[in-house]
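Structure at a glance
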Amino acid sequence: MPFFNTLSEILSYSFLRMPLLVGILVSLCAALLGSVLVLKRFSMIGDGLSHVGYGALCVAAAAGIAPLKIAIPIVIVAAFLLLQISRNSRINGDSAIALISGAAIAVGVLTVKLAGNVNIDVGSYMFGSIVAIDKSDVVISVVLSAIVLLLYIIMYNGIFSITFDESFAKATGTKVSFYNTVVAILTAVTIVVGMRLMGAILISSLLIFPSLTSMRFFRSFRGVVLCSAVVSALGFLLGFVAAYRFDLPTGASVVAVNAVFFVAFSIAGKIKQNLKFKK
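Once a new chain begins, its residue numbering starts again from 1 and follows that chain's sequence as written. The predicted nature of this model means local features are confined to residues of pLDDT at least 70 and side-chain atom pairs, given and counted, to a pLDDT of 80 or more, with totals for whole chains, interfaces and linings taken over all residues. Derived side-chain values reflect all non-hydrogen atoms in the structure, with water molecules and hydrogen atoms excluded from consideration.

Here we look at helix α3 (residues 45–63)
Each helix corresponds to a stretch of at least 4 residues labelled H or I by DSSP, and each strand to a stretch of at least 2 residues labelled E; elements are numbered beginning at the N terminus. Multiply 1.5 Å by the residue count of a helix minus one, and that product is the helix's expected span. Taking 1.5 Å per residue as the helical rise, α3 with its 19 residues ought to reach 27 Å, and the 27 Å between its terminal C-alpha atoms agrees with that figure. The cut-offs for exposure are 20% and 50% of the maximum accessible area for each residue type, with area from a 1.4 Å probe on protein chains only; residues under the lower value are buried, those over the upper are exposed, and the others partly exposed. Among the 19 residues of α3, 14 are classified as buried, and the element is accordingly described as predominantly covered. The first or second residue beyond α3 is Gly64, which carries a positive phi of 75 degrees.

Details of the pattern of salt bridges
Take a side-chain nitrogen of Lys or Arg and a carboxyl oxygen of Asp or Glu: if they are within 4 Å of each other, that pair is a salt bridge. Applying the stated rule across the entire model yields 1 salt bridge. One salt bridge connects Glu166 with Lys40, and the closest N-O pair in it is separated by 2.6 Å. With Glu166 in helix α9 (residues 166–171) and Lys40 in the loop between α2 (14–39) and α3, this residue pair connects regions lying 126 residues apart in the sequence.

Topic: the confidence of the model for the protein
For residues with low pLDDT, the predicted coordinates do not support detailed interpretation. pLDDT gives the predictor's per-residue confidence on a scale running from 0 to 100. A residue-level look at the protein finds 92% of positions with pLDDT of 70 or above and a mean pLDDT of 85. Predicted confidence in the protein is weakest over helix α6 (residues 122–127), with a mean pLDDT of 69, and strongest over helix α12 (residues 221–246), with 93.

Observations concerning unusual backbone geometry
Look at Asp247: it is not a glycine, yet its phi comes out positive at around 55 degrees. By the secondary structure assignment, Asp247 is in the loop between α12 and α13 (250–278).

Next comes the structure, spelled out in structure tokens:
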């Protein structure tokens, strides 16, 4: 079959195997966290943090520093600030995201301009690039993705509690602020790691699309989470293979595949609902 032949060809190249592995791990992380963010109606934090990541990556490149080493702590701080601003000020969450993301983009653009003769590939930060990932990035990305997945599994019960009813969770002794902060930090790490492949513009799609797709068919939190993980990983794999076979941008291909999944699950969900109604 063409798909498996193309996949086999991809796996024969070490410089393609590494980003494929990172992409699948990041997709899994994004799907799990995206389910929480979408249900909490805070999915736009992914878009805001990706813009912060863009600014941080531009600054790192201009300073000659390894991108992930400076971008990850900056985006984590931004995630923490977004939580604090939305909780303790008159500025609501959406406005806070708009303020911080707009300022971050401005910093990135100005950095590129002021850097002068420094070679900064802005396109790879905006739209992603598989050639932008080196071996050190792969090691850091794999380790961080594994940590995100492990922490999510360990804290699953607490994350589940704060997703649906924070007031009830707080009344039962759940550390709501702690779990919200953990989710924000894990989201920040996932976005920075995934930006190298997907780009600042498209990385938030990995958080939103799989979750919304799963919700077209499943109603339980566990069902949505598990389905999102499968859809996200499969979507990245198919998008990656399509990008290689037809010489397309990886990020755009992955998002296009996720969009197809969303339409397919929407149709399947309506069919399921109609069959249930007829019974």
